[in-house]
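Fold and contact review
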Amino acid sequence: MKEAILKEIQQIIPKNRMLTDLQERYAYSFDASFGEYLPELVVQPQTKEEISEIMKLANKYHFPVYPRGSATSLSGGPLPVEGGVVLDLSQMKKKLIIDKENLLAIVSPGVITGDIHRKAEEAGLFYPPDPSSSQVSTIGGNLLENSSGPKGLKYGTTKEYVIGLEVVTPTGEIIRTGGKTVKNVTGYDLTRLIVGSEGTLGIVTEAILRLIPKPKARKTLMATFPKLTDSGYAITNILSAGILPAAMELMDQACIRAVEHFHPLGLPIDAEAVIIIEVDGHPLAVDEEIKMCQEICSRAGATSVRVARDEKERDEIWKARKMVSPAITKMGPTKISEDATVPRSQIPAMMERLQEIKEKYQLNLVVFGHAGDGNLHPNIITDKRNKEEMKRVEDAVGEIFESAVELGGTLSGEHGIGILKAPYMEMELGKAGMMFMKKIKEAWDPNNILNPGKIFPKPGQTRVVLR
Amino acid sequence: MGTSHRETRQLSTSNSLYEMVYDEVNRCIQCGYCLPACPTYESMEKESASPRGRINLVKMAAEGKIDVTEHMKEPIDQCLGCRACEVACPVNLDYGHILESAREAIREEHKKRNRGISFKEFFFSQLFPHSRRLRAAGNLVWAYQKSSLNKIMRKTKRINRILEPMVQMEKALPLVDAPVKRVKPGSVIPAKGETKARVAFFTGCISDAVLHRTNRLTVELLSLVGCEVIIPERQNCCGALHAHQGLKKNARDLAKKNIAAFEHTGADYYVNNAGGCGAMMIEYDKLLKDDPEWNDRAQHFSSKMKDISILLTKFGPLPFQKKWEGVITYQDSCHLRNVQGIHEEPRILLKSIPGATYVELSGSDRCCASGGIYNLLQFDESMKILDQKMGNVKETKAATIVTTNPGCLLQMRLGIERCGQSHVMQGVHLVDVLAEACGVG
Ligand SMILES: Cc1cc2nc3c(=O)[nH]c(=O)nc-3n(C[C@H](O)[C@H](O)[C@H](O)COP(=O)(O)OP(=O)(O)OC[C@H]3O[C@@H](n4cnc5c(N)ncnc54)[C@H](O)[C@@H]3O)c2cc1C
Ligand code: SF4
Ligand code: SF4
């Protein structure tokens, strides 16, 4: 970075919040996905004005700017692929206000999602989006990736809970979208446009979130199925019986075995699938619903159905699910975590496709995920140093994407496109769909300053590259 | 712009670092689950001060992308070694091993470049194990004059920077027990009443010098609950300070000597009262895993070594005599909690004291930033973390703050001094409190 530009940035940002040393910059060269890109400078802004000034400079001198939260992105979202400046927003975390009267939270972008959960609960309220990374991820990252977790089935994703934003645009303007009301039809819905835009259309400097009353009760069960397809029927039967569980999680046999091997919990290693169902709401309704779920599972062929009698038993059930991630990383150093999503009715078909892909490419592929909303997590365990195997992994990942789209689904239900899935965008959206997205990007960011290299594939880029 | 080319210059690759930890650092999935657990990430607010950042920098150094001393050293020096990150990590990364290997690589690199360790590090490593030298300001000057460095280091500014933390530390040091009262190596103290077990007590080098009263009381409590206590001769420092400074070889030698000394006693359990030493010793099996001659013996030793709180809960209840007055709170020793996994027992013991009001300290599981000699080497950073903790301590309204490790104890006393509470608050070892409530003094 040219001395002259650095000097100008110093006029905006105090020295202790500008990181220039090589080791400091390397510490911002990665996220939880692949690849490593060294930024030329890391800036830790504290105000929207500082950010606005930086964006104006960036447009003047044409250097790229990469917003970053806690860098837990699994798709390369915050990676500074073209160098330039990393904007570390994780330290912009002062504001976390719970407005009990209006059922709102007003937050700075660097606030940790888990802290919003806790604060809301203290006030008897509930912020539902629950990505499993919520103890680490920033709300800014959640907004820009439109993150969600198990509760997405009943409560929807992050976008359902954002009603207003303060945004610095790529050209340095400060704007407000939406407001403090749930109903708002004034003009285009820019809030929804920014949410899920992966930091390519603006930098969120404050958000107004909608909270809901905390459900009074919940009940949880775990059901074991000798046949994978039967678990699929149980899931669809429950949903068509008019029950909308708060969560419905599925683990396949490879997963069950991995967990049991890693941390014995007494899981049935011969079963082809285990599902975990949680219902919440009014205590009376919850009792009845869990009973119905229990019956439907048994009728669909479950060999055992266990309903948690207390919080301790509930924790035990969820422990099995939480152990999946650590357990499978024991199987190899590299984990490729996909989140292709299909319509619910296609879950059995998708599961079948995944088994075929696993055999075809001879890979260590396990499947778990949020079965209720069709958001499966096929994970491939491999070693990125094994070049030959990584080639097969790339082919397999491509085929997973193709299967999901063919079955009427999408490339990504949760983790975003980033750099990893960019080559497959056109497959899902078509040429015209892509063109309109590009036009939006060009209108907001004429100089392609903000998070360039993401979402849109480079010319000629047609497949995922992990090596 | 793009990435500048200046950075592609040749950097010294530490192949030993690659060999020691490359596989382990590659297991890090960079999920960041460790970030909220890390006290230095919280206080320094940047990724290079986080576990994930440090692990990545070790990886970069192993790959030769950054320099071991020029770039990796500072972030590694700033790590407390509290290992809270290990507890938070979903893939059970062995951060302790990564940290020690990084320190070893730094030391090797220094040697190669003929640089030696910094003046500050030398000064403290010479002094700290000999705590009596620290006792009076006069002694400080004495130590300084003795060290051959005084001629080179006459610049008063530099001296002041180093002496300030020590002068503050001095206030935190406890009173000395009369020599006749001290626990003597080689002695055997019979159990009071029925003998339930024979235990061998590890006195620890720092505790022995600074906290020998606590050591004596430890032995008395053990005897009270029915343990015959042997004080093995020829035991020595656990090696933690050496291992943490990257002197693994010295640490291994010390470990072997301790193993031999304790085996000799034939005791049922080995016991210690210092969280940090205990953590070091329960990991002797890891330290000596590549040594076929010692591997089994080390495993045996590690499995027998217990913290005092474990044995007191196992063989208790303690025969309490007095009613306690005032609020008690507890600050975990990181190595007791994060490495030995012990956090229930000290709390159970404190709550069992008749009359005691136990109030949980918010953030008690977070490091007090004593970190071996971190508080001396990284004084400012350490005090930032400590002062914040003292704010939480004040909220408990405690008159007694209890810890289970000499380093933490001194740090808490320093904290009490710094926040001007020494007239209403005392910092003591768990054993001191229990002994007092049992009427032994
Ligand atoms: C172990 C693990 C489990 C996970 N589980 C889930 C899950 O269950 N569900 C799920 O949806 N995701 C999950 N993720 C993915 C990830 O945690 C989410 O995408 C999360 O929202 C990212 O938040 P972050 O703060 O880390 O953002 P980052 O990764 O730093 O950034 C994400 C994107 O947002 C942009 N950005 C960040 N802050 C701002 C801002 N203030 N303004 C503008 N742009 C910004 C960045 O440029 C980037 O494109 C998981 C990740 C890991 C490592
Ligand atoms: S929690 Fe473990 S795997 Fe995750 S970033 Fe920290 S050290 Fe790496
Ligand atoms: S040992 Fe403690 S200070 Fe060091 S990285 Fe881990 S949590 Fe942070």
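Residues numbered from 1 in each chain as written. Chains lettered and ligands numbered in written order. Predicted model: local features only at pLDDT ≥ 70, side-chain atom pairs only at ≥ 80, totals over all residues. Heavy atoms only, no water.

**Considering the overall build of chain A**
Counted only if it meets this: Think of it this way: any DSSP run of H or I at least four residues long counts as a helix, any run of E at least two long counts as a strand, and we number them from the N terminus. Computation of the radius of gyration draws on C-alpha atoms, with the globule rule given as 2.2 Å multiplied by the number of residues to the power 0.38. Note on classification: 1.4 Å probe, protein chains only; a residue is buried when its accessible area is under 20% of the maximum for its type, exposed when over 50%, partly exposed between these limits. Should any heavy atoms of two residues lie within 4.5 Å, those residues are counted as being in contact. Accessible surface is estimated by sampling points in the Shrake-Rupley manner with a 1.4 Å probe; for residues, cover comes only from the protein chains shown.
Counting its secondary structure elements, chain A contains 15 helices and 18 strands. Here the C-alpha atoms of chain A give a radius of gyration of 23 Å, agreeing with the 23 Å that 2.2 N^0.38 yields for 467 residues. Expressed along its principal axes, the backbone C-alpha trace of chain A runs to roughly 70 × 60 × 40 Å. The buried share of chain A, reckoned over its 467 residues, is 59%. The contacts in chain A between residues at least 6 apart in sequence include a share of 71% that link residues at least 24 apart. Of the roughly 19,000 Å² of accessible surface on chain A, a fraction of 52% belongs to carbon and sulfur atoms.

**Considering the overall build of chain B**
Assigned secondary structure in chain B consists of 23 helices and 9 strands. Taken across its 441 residues, chain B has 59% of its residues classed as buried. In chain B, the share of contacts with a sequence separation of at least 24, taken over all contacts with a separation of at least 6, comes to 79%.

**Some details on the site of ligand 3**
All names here are of chain B. Cut-off, in case you're wondering: The near set for a molecule or strand comprises every residue that places at least one heavy atom within 4 Å of it. Each residue is assigned to one of three groups, with Ala, Val, Leu, Ile, Met, Phe, Trp, Tyr, Cys and Pro labelled nonpolar, Asp, Glu, Lys and Arg labelled charged, and all others, Gly among them, labelled polar.
Neighbouring residues of ligand 3: 13 residues in total, closest Cys38, Cys79, Cys82, Arg83 and Cys85. Sorting the residues of the shell around ligand 3 by element identifies helix 2 (39-44), helix 3 (51-62) and helix 5 (84-88) as the ones contributing at least two each. In the shell around ligand 3, the residues fall into 9 nonpolar, 2 polar and 2 charged.

**Description of the site of ligand 1**
Cut-off, in case you're wondering: Within 3.5 Å is the distance limit for a polar contact, defined as a pair of N or O atoms, with the added protein rule that one can donate a hydrogen and the other accept it, and that residues adjacent in sequence qualify only through two side-chain atoms.
Around ligand 1, a shell composed of 35 residues is seen, among which Pro67, Gly69, Thr72, Ser133 and Ser148 of chain A lie nearest. Close to ligand 1, residues of chains A and B are found. In this structure, an oxygen atom belonging to ligand 1 sits 2.7 Å away from a side-chain N or O atom of Asn142 of chain A. At 3.1 Å from a nitrogen atom of ligand 1 is found a side-chain nitrogen or oxygen belonging to Glu414 of chain A. Out of a free accessible area of 980 Å², ligand 1 has 96% covered by protein chains.

**A closer look at the side chain of Thr177 of chain A**
Residues and elements named next belong to chain A. By secondary structure assignment, the location of Thr177 is in strand 9 (residues 174-178). Among the polar contacts made by the side chain of Thr177, one reaches the side chain of Thr191 at a distance of 2.9 Å. Each residue touching Thr177, except ones within four places of it in the same chain, is listed here: Ile163, Gly164, Leu165, Leu190 and Thr191.

**Some points on the packing of aromatic side chains**
All names here are of chain B. To be explicit about the condition: Side-chain rings of Phe, Tyr and Trp (the six-membered ring for Trp) are treated as a pair once their centres are within 6.5 Å; stacked means planes under 30 degrees apart, edge-to-face means over 60, and tilted covers the remaining angles.
For the coordinates displayed, the defined rule picks out 10 aromatic pairs over all chains. On the numbers, 5.3 Å between centres and 45° between planes, the contact of Tyr270 with Phe301 is tilted. Of this pair, Tyr270 sits in strand 4 (residues 269-272) while Phe301 sits in helix 16 (residues 295-304), and the two are 31 residues apart along the sequence. Across this residue pair, the class does not change: Tyr270 and Phe301 are buried.

**As for the pairing of strand 16 (residues 334-337) of chain A**
Side chains on a regular strand alternate between the two faces of the sheet. Residue and element names in this part refer to chain A. Threshold: Strand pairing requires that DSSP identify at least two bridges connecting the strands.
Residues Thr334 and Ile336 line one face of strand 16 and the alternating positions Lys335 and Ser337 line the opposite face, and both faces are buried. Here strand 16 pairs with strand 18 (residues 375-382) via 4 bridges, running antiparallel. Looking at the pairing, Lys335 lines up with Ile381 of strand 18.

**Some details on helix 13 (residues 347-361) of chain A**
Residue and element names in this part refer to chain A. As a reminder, the rule being used: Given the number of residues in a helix, its expected span is that number minus one, multiplied by 1.5 Å.
For helix 13, spanning 15 residues, the distance from its first C-alpha to its last is 21 Å, which sits close to the expected 21 Å at 1.5 Å a residue. Of the surrounding secondary structure, the elements contacted by the buried residues of helix 13 are helix 8 (228-240), strand 13 (247-252), strand 17 (364-370), strand 18 and helix 14 (387-406). Downstream of helix 13 by a residue or two, Gln362 has a phi angle that is positive, lying close to 50°.

**Topic: the confidence of the model for chain B**
Residue and element names in this part refer to chain B. Note the cut-off: Scored from 0 to 100, pLDDT records how confident the predictor is in each individual residue.
With 80% of its residues at a pLDDT of 70 or more, chain B shows a mean pLDDT of 83. Looking across chain B, the model is least confident in helix 8 (residues 137-146), with a mean pLDDT of 39, and most confident in helix 3, with 97. The low-confidence segment residues 1-13, where pLDDT is below 50, has 27 contacts with residues more than four positions distant or belonging to other chains. In the model, residues 127-156 has pLDDT below 50 throughout and makes 45 contacts with residues more than four positions away in sequence or in other chains. Prediction confidence for the complex, expressed as pTM and ipTM, is 0.88 and 0.92 respectively.

**Notes on the sheet that holds strand 8 (residues 162-168) of chain A**
Hydrogen bonds along the backbone pair up the strands of a sheet, which may run parallel or antiparallel. All names here are of chain A. For clarity, the cut-off: The axes used here are C-alpha line fits, helices contributing only the stretch in contact, and every angle between their N-to-C directions lies in the interval 0 to 180 degrees.
Pairing within the open sheet is antiparallel, and its 5 strands lie in the order 5-6-10-8-9. Lying at the two open borders of the sheet, with one neighbouring strand each, are strand 5 (96-99) and strand 9. Between one strand and the next, the sheet's axes are offset by a mean angle of 15°, whatever the strand orientation. Where strand 8 meets strand 10 (residues 203-210), 6 bridges bridge the pair, whose relative direction is antiparallel. Within strand 10, the position partnered with Gly164 by the bridge is Ile208. Across the sheet, helix 3 (residues 48-61) touches strand 8, strand 9 and strand 10, and the angle it forms with strand 8 is around 50°. Packed onto the sheet, helix 4 (residues 113-122) meets strand 5, strand 6 (104-107) and strand 10 and runs at close to 35° relative to strand 5.

**A word on the interface of chain A and chain B**
For clarity, the threshold we go by: Take the accessible area each of two parts loses on contact, using a 1.4 Å probe, and add the two losses: that sum is the buried area. Here, a salt bridge means any Lys or Arg side-chain nitrogen found within 4 Å of an Asp or Glu carboxyl oxygen.
Counting residues at the interface gives 41 residues for chain A and 36 residues for chain B. With both sides pooled, the region where chain A packs onto chain B buries about 3,000 Å², and carbon together with sulfur makes up 52% of that total. At the boundary of chain A and chain B, one finds 5 salt bridges. Salt-bridge contacts for Glu47 of chain B lead to Arg68 of chain A; the nearest nitrogen and oxygen are separated by 3.3 Å. Applying the counting rule to chain A against chain B returns 10 residue pairs in polar contact (both at pLDDT 80 or more). Listed by contribution, the elements that provide at least two residues to the side of chain A that touches chain B are helix 2 (22-26) and helix 12 (324-329) of chain A. With 5 residues, helix 2 of chain A is the single largest residue contributor to the side of chain A that touches chain B.

**Overview of the pairing of strand 6 of chain A**
All names here are of chain A. Side chains of strand 6 alternate between two faces, with Leu104 and Ile106 and Ala105 and Val107 buried alike. Joining the antiparallel neighbours strand 5 and strand 6 is a turn of 4 residues, in which Leu103 adopts a positive phi near 50°. Pairing of strand 6 with strand 10 involves 4 bridges; the strand directions are antiparallel. Paired with Ala105 across the strands is Leu209, a residue of strand 10.

**Overview of helix 4 (residues 68-77) of chain B**
Judged by how many residues are buried, helix 4 of chain B sits mostly within the fold: 7 of 10 residues are covered. The complete set of buried residues in helix 4 of chain B reads Val68, Thr69, His71, Met72, Lys73, Pro75 and Ile76 of chain B.

**What about the side chain of Gln23 of chain A?**
Within the secondary structure, Gln23 of chain A sits in helix 2. Its relative accessible area of 4% is what places Gln23 of chain A among the buried residues. The residues contacting Gln23 of chain A, other than those within four sequence positions of it, are Leu57, Glu70, His71, Glu74 and Pro75 of chain B.

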